[in-house]
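Overview (structure and organization)
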Amino acid sequence: MSEDESAFDNEKSFFTEKDEVIDLIQKLVAKDGQTKKEIPEGKTCLELIVGILDKYQEQSHLISPHLPSLMEHINNRLVELLDDKGDSPIDISKLHTIARVVYAISKVVGYKTASKHLPHEVMLLEPDSSSTRIESWEITYMLLLWLNTLSLIPFDLTSLESRSSTSSNSSLSNQFLTGVRSHLQDTGPTRELAAYCIATFLVRTDMAKQLLSDFLTWAIAQIKLEQSGSSGEASESFVGANYVYRLGVLNTVIQVLKRGDRDKIISFVPQILESIEELLSSSKRSLERKMLCKVCQRAGLILLPPREASWRYSRGLRTLLPQSSGTATAVVVEAATAHNNENNEDDAFAIPDEVEDIVGNLLKFLVDEDTIVRWSAAKGLGRVCMRVSKLFGADIVNAVLELFDAEEQTDVVWHGACLALAELSRRGLILPEMLPNVVPFIWQALVFDSSKQQQSIGANVRDSACYVCWAFARAYPPSSMQGFIANLSRSLLITTLFDREINCRRAAAAAFQELVGRQGNQNVPYGIEIIGLADYVSIGIRKHAYLHIAPKIASFERRFRDEFVDFLLKSNLSHWDIEIRELTAKALAIILAGDNAMISTVLLELMTNAFSSDVATKHGALIGIAQVLLVSRQHAESLSADVVQEINALPTNIEKKRLFRGRGSEIVREAVCRVVESIGMVNAAVSLKSQVSYVEVLNENLRQPHASVQEAAHSALRVFLFNYFGVQGIDSVPSERLQALTTKKYIDGIKAEENVAVTRGFALALGALPPRLALVSLDEIIEVLDVYSSPEKRIIGEYDAETCRNALLSAVELCEKLSVFAAFTAARFGRVLHMMFRSGQDYNIDKRGDIGSWSRTAAIEGCFRVMQAALSRSSSWATSKSMLSPYGVGEISTEDDVSDGFRAMRLKFPSHSSGWLALRQFAWLGGDSASAEPSLSVYVKQDLADKNKLAGLVTAESLNSAYEDLSSLLTRCINLCLQHLSEKLDTIRNVAGGVLGRLLDLTAAHRLLDGEELSAEQSLWRMHEEYLSNTREPINWGRPEHAFPFVVEAFVRFKKYRGSIFAGLITSVGSITESIKKAACNELLRSLTVVRGSPTDEDIASDLMHLICVQFETMKKKDRIILPLLKVVDICVKNNVFWAANQSQTTAWASAIADFLTVESKGCSQVPKLCSLMDVTSLLLDCVQQDTIRFSKLTGAIFSMLGHKYPRVRKYAAELLYLNVLSGKFETLGTSSSRDELGDLLTEVSWESDNVESISEGKRKAFSLIGLDYTAPTKATNKSATKKAAVDELDSYETLVKEAGY
């Protein structure tokens, strides 16, 4: 799922779970606990309610209409619990549960909304206020929420106090304040609610007279006290209760200033400002700075008269209908003018000095490092500016604009300034005459972007700039915006389509939509059409916005295309993010498609930028050249002479200007290779000298150590060699110079083995050779690829996985290219497939882990591709409608003459062939490579098209010569797939499962499975089809629960595949990954249980025993297989898998396994392996009970471990022997008393001690008690005295990987 698609997963249209939530609430609060719905196992009612409500946190409007029904049962039960008339104590656990539900609801809809639906009877106030001290914060939260509602009752509180409350300290108001104020030092959500509750209480008319002044005096004193307590050195580490308490007090002051009576509060404002003066400059916590910012702005609003400035701009008529007539516009202007001239007294009133200081502080907060502080400061400036004079307001706007010209041009400054402008313009405080000074900064902010330590800087600036544009569109009529609409709509459209961040694209789209709606479609050309294309959903996916929406909009009008091209060429093509540069190059090419004159102009500019000193500019220009050339391939001859000249001079300029030197050279090399590939695809008029130079450039890049560079060079070489050196006719022998430049160079370079980078690159290059070059040295090429694809091959003394994999890929690609030629005989097909089979067993590892898996993956996929190429010799692919291409043989699906001497043909390639895979990179061209069936549009001259058609290259006899041993090779391919489908690596299983399905479908389509010799393959194909159809969800072979049921069923049903499947199942059943082990083991045991008693049961058991012996024999001393194989034997014996075998078979098998165990134990120094060997030996004792000699031998093998050099092994052997003594396995050895004495001996001796004599004596005595012959060990050299050389930690990791079975 992409970054942009997941945003819609949780969006809902209405509260679908309303009835369920109400029923759960009833159960939760009911005394009997009954409910209409069943509760899922492992869940509680509370968890279900919270889980459902949390889904609506961003869509609270869906919950709000249903709050009365949700709160009804909660309220009733809540009143019952807190009723003080009963004698029983309050059920705190029930109250806590209800409180958690109330908090979950308020978390979604907000505490202000939730509090309106709590009980508000007058009689509840006093009982509730006495219940605020509860340890659970959820209960406290609920009671504070309730108190806030009850404190709004329209009666004098003194008239509600009980007669017992006679003293002032025990009055209801004092109880209220004392109880709630204690929660201002809470660290959770109760602190904010306590502040809100106190403010609600204090702003009452009766409380304002009695307590407001006292509280403000107390709050000011507390702020000063807490401030002094955190000053000096202590302020650096001040994170405790004092800081939290100060936050609570500040929040309360903010709420009082916001909601209190101005006349009663204004006298305290100077004291409040004085109390926070030091904090304004010393606070280092974002939340505290936000609170201080709010205090400043609320204090400023108290100091200024509560009135809206008459000078502010008011748009007047606000209709969303199109402004189609001049009358409507005149009404707007007239209304705005009348309003602005009304009561124009120049707002002559004295502004307190404190307001200027407050505005200065807000401007400082506007450039704070934290977004929450900047946002609060911007809103504060807007509110304050609403109440000042016109001159003062203009000064505030100018002060904000000066931030854009500050010396330090950071994203923080620009973001704060944009937020302030948005808030000011939204309130009409930026007059139309100020717009010329403001709008240019917004245009710059819409493209503000930079990188800092691999992170994007400026997304917040662009987002806030979109907010400013949105505010402009709403605040001003078209007459005021007339000079800015065109540029504003252009900037917004470019941001909507080409911004890097999804939130910026969507913000720009919203602003553009507002601009079209408010300013009129006639003022924004194609505005409605653009909104229909670039909506909230469609622009969410960046690639879709670049490659689909932008070209469609560009086609509306040439102006759009010119603007897009100009922006992409000058801005985004040199973007710091390489992904943006890639998308920009593709979008630029699609937009330019068909405009040959503009293509030449753009290419010339890009050629100049390609040699820039800036890496991003250089790389962007090169990939831009590559992509723009691709869309010009239909009219390649129309490229200007200057462009052709630059293309010919490019190799020389690359060397002259040292393009490959310096930082970022690897991405520049890759981009140059892509340019060469595009030149080849376009068939540009390149001189012979330049052709040779381009090949030399590609050869140099093939030697680079970066895999991406080598792959790009390989792809370019494939196209360039075919189009410039491979179309002269197959019969024509290439010159010695050409062979020395290509084929011989690659073969000699591989054989030289000077470094692994060269062998990797040149191994890839051999597969890129066109048929004309490859057929000349075909035997030598296959020989080299065969040698270097071997898992046993060493380069400079080490195995190189990349060379092996690349050799396999090249062999497969050559097989696909040359399969239609008679020169590629059956023997060569067989040799390539044997390379695949051999590499399918490549389990080499190094410090990186299982690197052999790269070759195994290539081999599995190669089997299918080679079989497909072999079958194509007699298929419809090899007809007169087939044609050679750089990617192999393609079928001509369409063929048209596009101009004089030129023909356009669309080629299709077999599924998952090299052509099919390579052409997926051109999907962005708009249909050249559909995801299901990639195809290539080829534009070639008439004579070359006829030369490359197969009808003119090969004979019908060579095409119809089928490969005689195809059936046996198919069986081996299927065996390889099934083996890897049974293994433990998810990625390998996924590849093997996909290849197996395609292989079976391919052979079935060619009716290869109709013969009797392939009846098992035909049955497997049918079983595969049934398995896919019976599975409800899409098959993912990488998931154990999908793969193992299929392979185990194949193991049981098909004797032909048991060996391969068992070879893979060993590593899965014995895996150290619990999920893999559990799935494989359970499925194997289940299937073997199902077939018990069937005619095949005995056959399966005997085959399984034989396969285990074969694995022990062939994988001797290979711990990668032996360790999991020991676990397999353990599982089989414990679960009586061999029950169908007779006693003689079981005894013979156990004896053979015992011999293998003896071989494995000799010289073994791995403790886990030794313990596993002892476990299996102990299990085999039950299988050889009737063979006394073998039984004694196995028993002696375990007893001999009592004297092992490793203490852990000795201890484990003693514990295992003790368990066998208790289980009665040694009933045939010794006497009853001697066995009892043996048990005591095994527990009494300290087998982990270093006392050699004690251990030797214990071992000797154990042998004598059991009646076995004891042979004293010969004295060996004390190896512990010899210190080992230091081992590289990476070598140790390699050993760990081997021991773990990877």
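1. Considerations on the overall build of the protein
Scanning the protein from terminus to terminus reveals 61 helices and six strands. When contacts within the protein are restricted to residue pairs at least 6 apart in sequence, long-range pairs at least 24 apart make up 73% of them.

2. Things to note about helix H55 (residues 1143-1161)
Under the 1.5 Å per step criterion, the end-to-end length of H55 is 26 Å for 19 residues, consistent within 8% with the ideal 27 Å. Along H55, the residues classified as buried are Thr1146, Thr1147, Trp1149, Ala1150, Ser1151, Ile1153, Ala1154, Phe1156, Leu1157 and Glu1160. On its buried face, H55 is in contact with helix H53 (1097-1114), helix H54 (1119-1134), helix H56 (1167-1180) and helix H57 (1188-1200).

3. Observations concerning the packing of aromatic side chains
Scanning all chains against the criterion turns up 32 aromatic pairs. Look at Phe720 and Tyr724: their rings are 4.5 Å apart centre to centre, the planes differ by 40°, and that puts the pair in the tilted class. With Phe720 and Tyr724 both in helix H35 (residues 707-725), this residue pair falls four residues apart, about one helical turn. The pair formed by Phe720 and Tyr724 is uniform in burial state, with each residue classed as buried. Following the ring pairs from residue to residue traces out a cluster consisting of Phe498, Tyr526, Tyr546, Phe556, Phe560, Phe564 and Phe567. Lying across the ring of Tyr196, Arg259 places its NZ or CZ 4.4 Å from the centre. Over the aromatic face of Tyr536 sits the side chain of Arg506, whose NZ or CZ is 4.1 Å from the ring centroid.

4. Here we look at the side chain of Thr1067
For Thr1067, the location among the structural elements is in helix H51 (residues 1058-1069). For Thr1067, the side chain forms a polar contact with the main-chain oxygen of Gly1064, separated by 2.9 Å. When sequence neighbours within four positions are dropped, the list of residues in contact with Thr1067 reads Glu983, Lys984, Arg1120, Ile1121 and Pro1124.

5. Some words on the pattern of salt bridges
A complete count under the given rule lists 57 salt bridges for this structure. Measuring nitrogen to oxygen at the nearest pair gives 3.2 Å for the salt bridge that ties Lys107 to Asp54. Taken together, the residues Lys107 in helix H4 (residues 92-109) and Asp54 in helix H2 (residues 45-54) connect sequence positions 53 residues apart. In this structure Lys107 comes out as partly exposed when scored by relative accessible area, which is 34%. When the shortest N-O distance is used, the salt bridge between Asp800 and Arg760 registers 2.6 Å. Note that Asp800 is positioned in the loop between helix H40 (778-788) and helix H41 (801-818) and Arg760 in helix H38 (residues 756-768), a separation of 40 residues in sequence. Among the charged side chains, a network of salt bridges with common partners joins Arg760, Asp800, Glu802, Asp846 and Arg848.

6. Details of the packing of helix H48 (residues 986-1005) against helix H49 (residues 1015-1030)
Contact geometry of H48 with H49 gives a least axis separation of 10 Å together with a crossing angle of 120°. Between H48 and H49, the interaxial angle falls into the category oblique. Both H48 and H49 take part in a crossing whose hand is left-handed. Between H48, through Gly997, Leu1000, Asp1001 and Ala1004, and H49, the contact on the second element is made entirely by Glu1017, Leu1020, Trp1021, His1024 and Glu1025. Of the residues contributing to the contact of H48 with H49, the split by class is four nonpolar, two polar and three charged.

7. A look at unusual backbone geometry
Residue Tyr526 is not a glycine yet carries a positive backbone phi of 60°. Positionally, Tyr526 belongs in the loop between helix H25 (502-519) and helix H26 (527-533).

8. Some points on the confidence of the model for the protein
Counting all residues, the mean pLDDT for the protein is 82, and 83% of those residues have values of 70 or more. In the model, residues 230-240 has pLDDT below 50 throughout and makes eleven contacts with residues more than four positions away in sequence or in other chains. When the criterion is pLDDT under 50, residues 927-932 qualifies, and its contacts beyond four places in sequence or with other chains add up to 18 contacts.

9. Structural notes on the packing of helix H34 (residues 688-702) against H35
Helix-helix packing: each pair is described by the crossing angle between the helix axes and the interaxial distance. In contact at an axis separation of 9 Å, H34 and H35 are set at 155° when each is read in the N-to-C sense. When the interaxial angle is binned, H34 and H35 end up roughly antiparallel. Read as a crossing pair, H34 and H35 show a hand that is left-handed. Of the residues in H35, those in contact with Leu688, Gln691, Tyr694, Val695, Leu698, Asn699, Asn701 and Leu702 of H34 are Val709, Gln710, Ala713, His714, Ala716, Leu717, Phe720, Leu721, Tyr724 and Phe725. Residue classes in the contact of H34 with H35 are distributed as 13 nonpolar, five polar and no charged.

10. Here's the deal with a negative patch on the surface
A surface patch of negative charge is lined by Glu274, Glu277, Glu278, Asp353, Glu356, Asp357 and Asp395. Put simply, the parts of the chain that give the negative patch at least two residues each are helix H14 (277-282) and helix H17 (353-365). Ranked by residue count, the leading element in the negative patch is H17, at three residues. With respect to the helices and strands, the residue Glu356 is situated in helix H17.

11. Concerning the environment of Ser1192
Within the element layout of this structure, Ser1192 appears in helix H57. On the accessibility criterion, Ser1192 (21% relative accessible area) is partly exposed. As a C-alpha pair, Ser1192 and Leu1229 span 37 residues in sequence and 8.4 Å in three-dimensional space. When residues no more than four places from it in sequence are discounted, the contact partners of Ser1192 are Leu1229 and Leu1268.

12. Comments concerning helix H30 (residues 596-609)
The first and last C-alpha atoms of H30 sit 20 Å apart over 14 residues, in line with the 20 Å expected at 1.5 Å per residue. Elements in contact with the buried residues of H30: helix H28 (558-570), helix H29 (578-592), helix H31 (615-631) and helix H32 (641-656).

13. So, the environment of Glu1049
Its place among the elements puts Glu1049 in helix H50 (residues 1040-1053). Given the relative accessible area of 32%, Glu1049 is considered partly exposed. C-alpha separation for the pair Glu1049 and Leu1084, spaced 35 residues apart in sequence, amounts to 8.6 Å.

14. Concerning the state of the cysteines
Using the criterion set out here, one finds zero disulfides in the structure. The cysteine Cys466 is free of any disulfide, with Cys469 supplying the nearest cysteine sulfur at 6.2 Å. On the basis of relative accessibility, which here comes to 1%, the residue Cys466 falls in the buried class. With no disulfide of its own, Cys1171 has Cys1164 as its nearest cysteine by sulfur position, at a separation of 9.7 Å. For Cys1171, a relative accessible area of 13% puts it in the buried group.

About the criteria used
- Residues numbered from 1 in each chain as written.
- Predicted model: local features only at pLDDT ≥ 70, side-chain atom pairs only at ≥ 80, totals over all residues.
- Heavy atoms only, no water.
- Helix = DSSP H or I, 4+ residues; strand = E, 2+ residues; numbered from the N terminus.
- Contact = heavy atoms within 4.5 Å.
- Expected span 1.5 Å × (residues − 1).
- Buried < 20%, exposed > 50% of the residue type's maximum accessible area, 1.4 Å probe, protein only.
- Phe/Tyr/Trp six-rings, centres within 6.5 Å; stacked < 30°, edge-to-face > 60°.
- Lys NZ or Arg CZ within 6 Å of the ring centre and 35° of its normal.
- Polar contact = N/O pair within 3.5 Å; in protein donor to acceptor, adjacent residues only side chain to side chain.
- Salt bridge = Lys/Arg side-chain N within 4 Å of Asp/Glu carboxyl O.
- Axes fitted to C-alpha atoms, helices over the stretch in contact; angles between N-to-C directions.
- Parallel < 35°, antiparallel > 145°, perpendicular 65-115°, else oblique.
- Left-handed = near helix turned anticlockwise from the far one by under 90°.
- Nonpolar A, V, L, I, M, F, W, Y, C, P; charged D, E, K, R; others polar.
- pLDDT = per-residue confidence, 0-100.
- Patch = residues over 30% accessible without salt bridge, like charges linked within 9 Å, V, L, I, M, F, W, Y side chains within 5 Å.
- Areas by Shrake-Rupley, 256 points an atom, 1.4 Å probe, with all protein chains shown as cover.
- Lys, Arg positive; Asp, Glu negative; His and termini not counted.
- Charge placed at Lys NZ, Arg CZ, Asp CG, Glu CD.
- Disulfide = S-S within 2.5 Å.

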